[in-house]
Amino acid sequence: MPSTETSELSPVAPPKSPSRSRWRSVGVLVVLGAAIIVLLSQGILHSLNYFETVDQALAQRSSLGTKVIRLEGVVKPGSISRTSNGASFVITGSKDRQVFVDAHGSPPQLFQADIPVVVVGHFTSSTSLDFEGTQILVKHTATYIAAHPKRVKAPNGTTR
Amino acid sequence: MIRTAWLVAKKDLLIERRSRVLLWQVLPFGAMALLLSGLALGPAHAGTSSAGPGLFYLVMLFVALLMINRSYVIESTPGTRASVQTLGLDPAGVFLGKSLALCVELWLSGLVLLAGTVLVLHTGLHGALVALPSVLVTLAAMSAAGTLYGALTAGAQGAATLLPVLTLPAFAPLLVAGERSFSAALTHSGLWEWWLIVAVALVAYVGVGILLYGVLEES
Amino acid sequence: MIKQLSQRLLGPVTLLCLALTFWLGLWVTPPDRVQGNLVRLLYVHPAVAWVALYVSFGTATIASILYLWKRTRSFTMDRIAHCAMEVSVVFIVLTLITGSIWGRPTWGVWWAWDARLTSTAILGVLAVGYLALRRANDDSTLRARRSAVFAILSAINVPIIHFSVQWWKTLHQGATVFTSNRQLLVHGSMAWTLLLSFVGFTLLFFWLLRARYRLEVLRESTQQMMLDEALLLRQREGVM
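Before going into details, it helps to say that this report is about the structure given with it.

Conventions adopted
- Residues numbered from 1 in each chain as written.
- Chains lettered and ligands numbered in written order.
- Predicted model: local features only at pLDDT ≥ 70, side-chain atom pairs only at ≥ 80, totals over all residues.
- Heavy atoms only, no water.
- Buried < 20%, exposed > 50% of the residue type's maximum accessible area, 1.4 Å probe, protein only.
- Helix = DSSP H or I, 4+ residues; strand = E, 2+ residues; numbered from the N terminus.
- Pairing = 2+ DSSP bridges.
- Contact = heavy atoms within 4.5 Å.
- Buried area = accessible area lost by both parts, 1.4 Å probe.
- Salt bridge = Lys/Arg side-chain N within 4 Å of Asp/Glu carboxyl O.
- Polar contact = N/O pair within 3.5 Å; in protein donor to acceptor, adjacent residues only side chain to side chain.
- 1 Å grid on protein atoms, 1.4 Å probe; cavity = no way out; pocket = protein on both sides within 12 Å on 5 of 7 lines; lining within 4 Å.
- Points joined across faces, edges and corners; volume = space filled by probe spheres on them.
- Nonpolar A, V, L, I, M, F, W, Y, C, P; charged D, E, K, R; others polar.
- Core = buried A, V, L, I, M, F, W, Y, C linked by side-chain atoms within 4.5 Å.
- Axes fitted to C-alpha atoms, helices over the stretch in contact; angles between N-to-C directions.
- Parallel < 35°, antiparallel > 145°, perpendicular 65-115°, else oblique.
- Left-handed = near helix turned anticlockwise from the far one by under 90°.

### A few points about the pairing of strand β5 (residues 98-104) of chain A
Residue and element names in this part refer to chain A. Residue alternation in β5 divides its side chains into a buried set, Val99, Val101 and Ala103, and an unburied set, Gln98, Phe100, Asp102 and His104. Note: strand β4 (residues 86-92) against β5, seven bridges, orientation antiparallel. In the sheet register, Val90 faces β5, and the bridge partner there is Phe100. As paired strands, β5 and strand β7 (residues 130-138) are joined by four bridges and run parallel to one another.

In structure tokens, the structure reads:
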């Protein structure tokens, strides 16, 4: 039976065998993979969204109150009217759900009917469906289509 | 691995208990940073703002940076690292031990600064208590990530200034998830989602640390 | 023979591809139905981002993994990782700048706090951090090992950026080329020009990488020569 003195000086255990450390690595990788799958499968990553759609906002209308949010919807054709300090228009979600927006500040260059927009602002009261915007952002889609697919040649020969 | 972890954690905490750097240097710094964030918000917003959780975590990031740096400075005496290496300690155990010690230190500072946030920034006490478990998990994840990144910069030229550049990007998701779970606790909504994210982040950082710490320490 | 020829042709072919892209992009392709002439940024921004995220950061990551793997460990891998990361910094900055220029007229803002923009900016900081980490370590083995570990850790951000537009609702548009249903959302000549821009900028990356790599080899050999010379001088001092 070695005394405490000698056991302090006794050689340390040899480094662990490579196979054991390999199994540990595999184990850690499995846990890491499982953690990532849990994260993705729960769909919880959706909570980092940049905006609320009209549908989402109307579904949780009562809890939103007059909190500042970013609201996304498609500009309804024919609803745009320029006001003295910006523009007012109607944005729609699916199934004809719509919100009337009165936004201050000049809208971006691409702002037009039938385009998805994100409006920063808040509902005017805790129950109303009128939205007061402080900024309009245009969210363009990922689709690119030529402006004049059946273009003709101009007299000077250009096709632009 | 576990035994090595205990040994290393005990060693780091013992040094901390004797030097009292956390108590006399880091905590006053954290308190001052909290006061300054209140001043930065201005008198109109400091007591009513919903920025409390975010500012708490921002201050905790700075505190964590100081503590990570400290965790490696105590080993910077010439020969210390070499002699630790010759002991043949399991690197994964060393990593876990250093993370554990850092975690305890961050938990202590976190509790104090959380109380400070409630006091100074008027963040709801009930909400803060509900958020406490998620705060502890986030700080644990922060200490695991910090230990790994601290090892990357240990002994490098200008390690103290290099550490924030490398570590803060890794802290960004923790800041977001921590802030959201804290805010969710204050408004009683969707707390579990963010809880899960910080828990997964903790598992991920500990896992990556166990895998890679050995690579950093091998000679 | 083929290697020599391809090396010699890399520069001219790159320039030709890029010149063709710009000609097609600026004069031949039509304006977009919604975006008008703003669409011409489509032939720069996506390709630059592709090189920044996947080609250059990917090259740096793979080279780092190969360095850490004992069977393929060599300073060549370390050097490739370093040079690719340096080019990556340039392309990430270009991605942010061209994106910002595109964002202002379309969205109405230079910058938005959405998931893709923020994660790309963080990748830029990580890439700069990688270069800073290299400068802070003098010992070449230690430097190589540490920077390889850091590159691999940083690469976790790349899939996050890639999937950010699918996982979250972002102001940034969804994928145009790498769509989930493998359908290209660009029409006609615009599509071909877009694909050509990808080829052109990818070639540009390899051209820059090769130049940077040669420079690095030269720098190292100069350093070695200067060291040898200094040693020789000291030896002579001893003899005198």
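Moving on from the model shown.
### Some remarks on the interface of chain B and chain A
Taken residue by residue, the interface counts 17 residues in chain B and 15 residues in chain A. Between chain B and chain A the total buried area reaches about 1,400 Å² when both faces are included, carbon and sulfur atoms providing 79% of it. Contact with chain A buries area across many residues of chain B, yet Leu196, Val200 and Leu211 of chain B alone supply 32% of it, more than any other trio. Linking chain B to chain A there are one salt bridge. Between Arg24 of chain A and Asp90 of chain B there is a salt bridge, with the nearest N and O atoms lying 2.9 Å from each other. Between the two partners, chain B and chain A, sit one residue pair in polar contact (both at pLDDT 80 or more). Every element with two or more residues in the side of chain B that touches chain A is listed here: α7 (159-187) and α8 (191-217) of chain B. No other element matches the eleven residues that α8 of chain B contributes to the side of chain B that touches chain A.

### Regarding empty space enclosed by the protein
Residues and elements named next belong to chain B. The tally for this structure, following the rule as stated, stands at one cavity of 30 Å³ or more. There is about 70 Å³ of room inside the largest cavity. Around the largest cavity sit Asp12, Ile15, Glu16, Arg70, Ser71, Ile74, Lys98, Ala101, Leu102 and Glu105, which together line it. Secondary structure elements with two or more residues in the lining of the largest cavity: α1 (2-19), α3 (52-73) and α5 (91-120). Here the lining of the largest cavity takes four residues from α5, the largest share from any one element. Each residue belonging to the lining of the largest cavity can be placed in one class, and the counts come to four nonpolar, one polar and five charged.

### Looking at the pairing of strand β2 (residues 69-75) of chain A
Two faces, one strand: in a regular strand the side chains alternate between the faces of the sheet. All names here are of chain A. Buried residues dominate β2, accounting for five of its seven residues. With six bridges connecting them, β2 and strand β6 (residues 116-123) associate as antiparallel partners. Paired with Glu72 across the bridge in β6 is Val118. When β2 meets β4, the two strands line up antiparallel, connected through two bridges. By the bridge assignment, Val75 is partnered in β4 with Ile91.

### What about the nonpolar core?
Ranked by internal contacts, the top residues of the largest apolar core, which has 137 residues, are Phe89, Ile91 and Val117 of chain A, Leu106 and Met142 of chain B together with Phe201 of chain C. In contact with Phe89 of chain A, not counting residues within four places along its chain, are Val75, Ser79, Ile80, Val99, Phe100, Val101, Ala103, Phe111, Val117, Val119 and Ile136 of chain A. Core analysis: the second largest hydrophobic core is formed by nine residues, Tyr50 of chain A together with Trp107, Val109 and Leu117 of chain C among them.

### Regarding the pattern of salt bridges
In the structure shown here, the tally under the stated rule is 13 salt bridges over all chains. As a salt-bridge pair, Lys11 of chain B and Asp12 of chain B come within 3.0 Å of each other at their nearest N and O atoms. For Lys11 of chain B, a relative accessible area of 32% corresponds to the partly exposed category. Its salt-bridge partner being Arg212 of chain C, residue Glu216 of chain C comes within 3.1 Å of it at the nearest N-O pair. Taken together, the positions of Glu216 of chain C and Arg212 of chain C, both in helix α7 (residues 188-239) and four residues apart, correspond to about one turn of that helix. For the residue pair Glu216 of chain C and Arg212 of chain C, the accessibility class agrees, reading buried in each case. One salt-bridge network, in which partners are shared between bridges, spans Lys11, Asp12, Glu75 and Lys98 of chain B.

### Regarding the interface of chain A and chain C
Taken together, the contact between chain A and chain C spans 31 residues of the former and 35 residues of the latter. On the chain A side of the contact with chain C, Tyr50, Tyr144 and Ile145 of chain A bury the most area, a combined 26% of that side's loss. On the surface where chain A and chain C come into contact, there are zero salt bridges. Where chain A meets chain C, there are three residue pairs in polar contact (both at pLDDT 80 or more). Top element by residues in the side of chain A that touches chain C is β7 of chain A. It accounts for four residues. Here the residues of the side of chain A that touches chain C are counted per class, giving 17 nonpolar, ten polar and four charged.

### Here we look at the packing of helix α4 (residues 115-135) of chain C against helix α6 (residues 157-167) of chain C
The relative placement of two packed helices is expressed as an angle between their axes plus a distance between the axes. Residue and element names in this part refer to chain C. Two elements in contact, α4 and α6, have axes separated by 9 Å at closest approach and are oriented at 165°. Taken together, the axis directions place α4 and α6 in an arrangement best described as roughly antiparallel. The two elements α4 and α6 meet at a crossing, and its hand is left-handed. Two secondary-structure elements touch here, α4 through Ala115, Arg116, Ser119, Thr120, Ile122, Leu123 and Leu126 and α6 through Asn157, Val158, Ile161, His162, Ser164 and Val165. Considered class by class, the residues forming the contact of α4 with α6 number seven nonpolar, five polar and one charged.

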